[in-house]
Amino acid sequence: MKHFLTTSALALMLSLPAVAAQVPEGTKLADSQEYTWWLLDAIKSLDPAKNTDVEGSDVLRQLFEGLYNEDETGAMVPGVATEHSVSDDGLVYTFKLRDDAKWSNGDPVVAGDFVYAWQRVANPETASEYAWFIELMNIANSKEIVAGEAAPDTLGVKAIDDQTLEVTLHTPTPYFVKMLAHATTFPVPQKVIEAEGDNWTQPGKLVGNGAYTLAGHNLGVDLTVEKNDQYWDAENTVITKGKAVTVNDVNVGLTRYQAGELDRVDIPAGQYPRLEQEYPDQAISIPYACSYAYIYNVSDKGPEALKDVRVRKALSLAIDRDIIVEQVLQGGQRPAWTWTHWAIEGFQPPATPEADKDQAARLEEAKALLAEAGYGPDKPLNISIQYNTSEDHKKIAVAVQQFWKQLGVNVTLNNVEWKVHTDRLQNQDFEVARYAWCGDYNEASTFLDWFRTDGYNSGKWSNAEFDKLMADSKTAEDTTPLYQRAEEILADEKPAAFVYHYANVDMIKPDVKGIPMENVMGTWYLKDIYRTAE
């Protein structure tokens, strides 16, 4: 049995005090401790089992708390759990939970709350799109439960007592603890859910265990949270009220930021160089573990042309990534030739010959491939690109439309709202769709598992060798050659055109402190933030 409080660097981090805002001594705080941030789209769900998007996770981290949190560098620090130990075979994790964790209604948070929450995610009756995350955690019997072949109560998680949670994996998983800050793993209140049904996430009904409670939610307009006095570290929580405001147009978002209505907003494409010059204490650009791509629908519902790998390669090659990052975005993003973000810990990308060519050579190869596939002036390829509402997504889609026009491809742009976009992705009702995947934890498999045959995989591409590599990686001592081969297969098969790797390119008010700048996952907690006096 390995006790992590004494045997590893991770344990050292976990042994540090896990208090909320770290306000330097002598700092004069502002009289008003309120914070307002920008959302691009409406929050689809406040149920941790049903959330699927980054903005939803940002809100859920304020309302709920999992076993561990992330600090400003992305290292794991205590949340509800104060420590854990691992059996010698790496299969059994035993977590000790703090005895002062409470739900916002005053009830204690106990190990059974995690058991209920994780079984609920895995249960097919919940219809959680993130049930696969429980599978990725390699919890015993998760695959069978998600497939409907075993009862939810057979999941390898149990409460030894109220303060002791035991999790059994079917495969040793070195990055298992890194997954425990994800919203899907948050506890939920069984009593409230059973009493309120689907309405349990409404203001006035939602009971959470995070540093904040839900005070209001006008879908697609705004969402308000207030400090939770029942939170175990409320004494060190400085921000008293947070408000998320939905603004679909990033340019309007920036205008409202400059008018003082928002404290943090994304910088619209192309404006970072100017804003960095004018507001050096507010404009930031830092690596962010998300990758932007155009997903090809190769399912039975997709167009016949995209089932031809020559067509997919041609379309990918014709996208001038340098123009997109240097002339359209201009915010520190990098061209993407792999699905895994370059800044993910330990990731070593394979050689990518396409990256070493100039764009003229790529374009010539693309034209040849398309002709070989039978498309040209006498038989033009017609294709549609779907993207969700955003001026930046529109700019990129227009650019790609022009890139593909050089091949003689006729592109129809199809703009839809976020919910419609994700529903169509889920149901393969698209031809080519803009998509971005943000890592759920800091390890390459969080990207690569997306393309497994049974992964999220909206385009329904499938490759047996790729699946085997990802399966083998779960027990491999050295995953690097497996991940590199998996990326090579993606490069050869082109289930998507990878476009760029993200940077977080934001404006943040200079008196707002505590937002992490060294965590590539972009994870932030309102409880860590505070405002200084002008």
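The rules behind each value
Residues numbered from 1 in each chain as written. Predicted model: local features only at pLDDT ≥ 70, side-chain atom pairs only at ≥ 80, totals over all residues. Heavy atoms only, no water. UniProt positions renumbered as here; feature names shortened; annotations may be inferred. Helix = DSSP H or I, 4+ residues; strand = E, 2+ residues; numbered from the N terminus. Core = buried A, V, L, I, M, F, W, Y, C linked by side-chain atoms within 4.5 Å. Buried < 20%, exposed > 50% of the residue type's maximum accessible area, 1.4 Å probe, protein only. Domains from an automatic or database assignment. Contact = heavy atoms within 4.5 Å. Buried area = accessible area lost by both parts, 1.4 Å probe. Salt bridge = Lys/Arg side-chain N within 4 Å of Asp/Glu carboxyl O. Pairing = 2+ DSSP bridges. Phe/Tyr/Trp six-rings, centres within 6.5 Å; stacked < 30°, edge-to-face > 60°. Lys NZ or Arg CZ within 6 Å of the ring centre and 35° of its normal. Axes fitted to C-alpha atoms, helices over the stretch in contact; angles between N-to-C directions. Parallel < 35°, antiparallel > 145°, perpendicular 65-115°, else oblique. Left-handed = near helix turned anticlockwise from the far one by under 90°. Nonpolar A, V, L, I, M, F, W, Y, C, P; charged D, E, K, R; others polar. Polar contact = N/O pair within 3.5 Å; in protein donor to acceptor, adjacent residues only side chain to side chain.

- The chain carries the name Oligopeptide ABC transporter substrate-binding protein OppA in an unreviewed UniProt entry, which gives Paracoccus jeotgali as its organism.
- Under the UniProt heading Sequence similarities (unreviewed entry), the note attached to the chain is "Belongs to the bacterial solute-binding protein 5 family."
- A UniProt comment under Subcellular location (unreviewed entry) is attached to the chain, and it reads "Periplasm".

### Structural notes on the UniProt feature "domain: Solute-binding protein family" (unreviewed entry) in the chain
Piece 1. Here, UniProt's "domain: Solute-binding protein family" (unreviewed entry) annotation points to residues 76-456.
Piece 2. Here residues 76-456 is 29% helix and 22% strand, with 26 Å between the C-alpha atoms at its ends.

### Considering the nonpolar core
Piece 1. Among the nonpolar cores identified, the biggest contains 153 residues, and Leu 67, Phe 95, Trp 118, Val 167, Tyr 294, Trp 404 and Phe 451 are the most heavily contacted of them.
Piece 2. For this core, the leading source of residues is strand β13 (residues 283-296), giving ten residues.
Piece 3. Two domains each put at least three residues into this core: domain 1 (23-244 + 509-531) and domain 2 (287-504).
Piece 4. Residues in contact with Phe 451, not counting those within four places in the same chain, are Ile 295, Trp 339, Asn 457, Trp 461, Phe 466, Leu 490, Pro 495, Ala 496 and Phe 498.
Piece 5. Counting residues in each nonpolar core, the second largest holds 16 residues, with Val 265, Ile 267, Tyr 272 and Met 507 among its members.

### Side note on the domain arrangement of the chain
Interface size is often expressed as the accessible area that is lost when the parts come together.
Piece 1. Per the domain assignment, the segments making up the chain are domain 1 (23-244 + 509-531) and domain 2 (287-504).
Piece 2. The distance between the C-alpha centroids of domain 1 and domain 2 comes to 31 Å.
Piece 3. Across the domain 1 to domain 2 interface the summed buried area is about 2,300 Å²; carbon plus sulfur atoms make up 59%.
Piece 4. When residues of domain 1 are sorted by the area they lose upon contact with domain 2, Trp 132, Val 520 and Met 521 head the list and together hold 28% of the total.
Piece 5. Counting every contact that joins domain 1 to domain 2 gives two salt bridges.
Piece 6. One salt bridge in this structure joins Lys 143 and Asp 454, with 3.4 Å as the shortest N-O distance.

### Things to note about the pattern of salt bridges
Should their charged atoms come close, side chains of opposite charge can pair.
Piece 1. Summed over all chains, the structure comprises 29 salt bridges.
Piece 2. The closest approach of N and O atoms between Lys 178 and Glu 345, which form a salt bridge, is 2.9 Å. With a gap of 167 residues between them, Lys 178 in the loop between β8 (164-168) and α7 (190-196) and Glu 345 in the loop between β14 (334-335) and α12 (353-356) connect regions that are remote in the sequence.
Piece 3. Taking the relative accessible area as the measure of exposure, Glu 345 reaches 49% and is therefore partly exposed.

### Description of the pairing of strand β6 (residues 92-97)
Side-chain direction in a regular strand flips from residue to residue, so the side chains alternate between the two faces of the sheet.
Piece 1. The sheet contact formed by strand β5 (residues 81-86) and β6 spans five bridges and is antiparallel. Its bridge partner lying in β6, His 84 is registered against Phe 95.
Piece 2. A loop of five residues connects β5 with β6, the two strands running antiparallel in sequence, and Gly 90 in this loop sits at a positive phi of about 75°.
Piece 3. Summarising the sheet, β6 and β8 pair through five bridges and their orientation is antiparallel. Looking at β8, one finds that Val 92 is bridged to Thr 168.

### Examining the packing of aromatic side chains
Piece 1. For the structure on display, the rule yields 33 aromatic pairs.
Piece 2. Above the plane of the ring of Tyr 525 lies Arg 61, whose end atom (NZ or CZ) is 5.8 Å from the centre.
Piece 3. A cation sits over an aromatic face here: Lys 379 above Tyr 375, 4.8 Å from the ring centre.

### Focus: the environment of Met 179
Piece 1. The topology assignment puts Met 179 in the loop between β8 and α7.
Piece 2. For Met 179, a relative accessible area of 0% gives the class buried.
Piece 3. Once the C-alpha coordinates of Met 179 and Asn 218 are considered, the two residues, 39 residues apart in sequence, prove to be 31 Å apart.
Piece 4. Every residue in contact with Met 179, bar those within four places of it in the chain, is listed here: Phe 133, Leu 136, Met 137, Thr 185 and Tyr 441.

### A closer look at the packing of helix α17 (residues 464-473) against helix α18 (residues 480-493)
Piece 1. Between α17 and α18, the least distance of the axes is 9 Å, while the angle of their chain directions is 160°. In terms of axis orientation, α17 runs roughly antiparallel to α18. Regarding α17 and α18, the two cross each other, and that crossing is left-handed. Along the contact surface, α17 presents Glu 465, Phe 466, Leu 469, Met 470, Asp 472 and Ser 473, while α18 presents Leu 482, Tyr 483, Arg 485, Ala 486, Ile 489 and Leu 490.
Piece 2. Residues of the contact of α17 with α18, tallied by class, amount to eight nonpolar, one polar and three charged.

### Comments concerning the side chain of His 501
Piece 1. Within the element layout of this structure, His 501 appears in strand β18 (residues 496-508).
Piece 2. Given the relative accessible area of 4%, His 501 is considered buried.
Piece 3. Engagement of the side chain of His 501 in a polar contact is seen with the side chain of Ser 291, the distance being 3.0 Å.
Piece 4. Sequence-distant contacts of His 501, defined by excluding residues within four places in its chain, comprise Cys 290, Ser 291, Gln 333, Arg 334, Pro 335, Ala 336, Thr 338, Trp 339, Thr 340, His 341 and Trp 342.

### A look at the environment of Pro 189
Piece 1. Structurally, Pro 189 is set in the loop between β8 and α7.
Piece 2. Expressed as a C-alpha distance, the spacing of Pro 189 and Val 109, which sit 80 residues apart in the sequence, is 8.6 Å.
Piece 3. Residues in contact with Pro 189, not counting those within four places in the same chain, are Trp 103, Trp 200 and Val 207.

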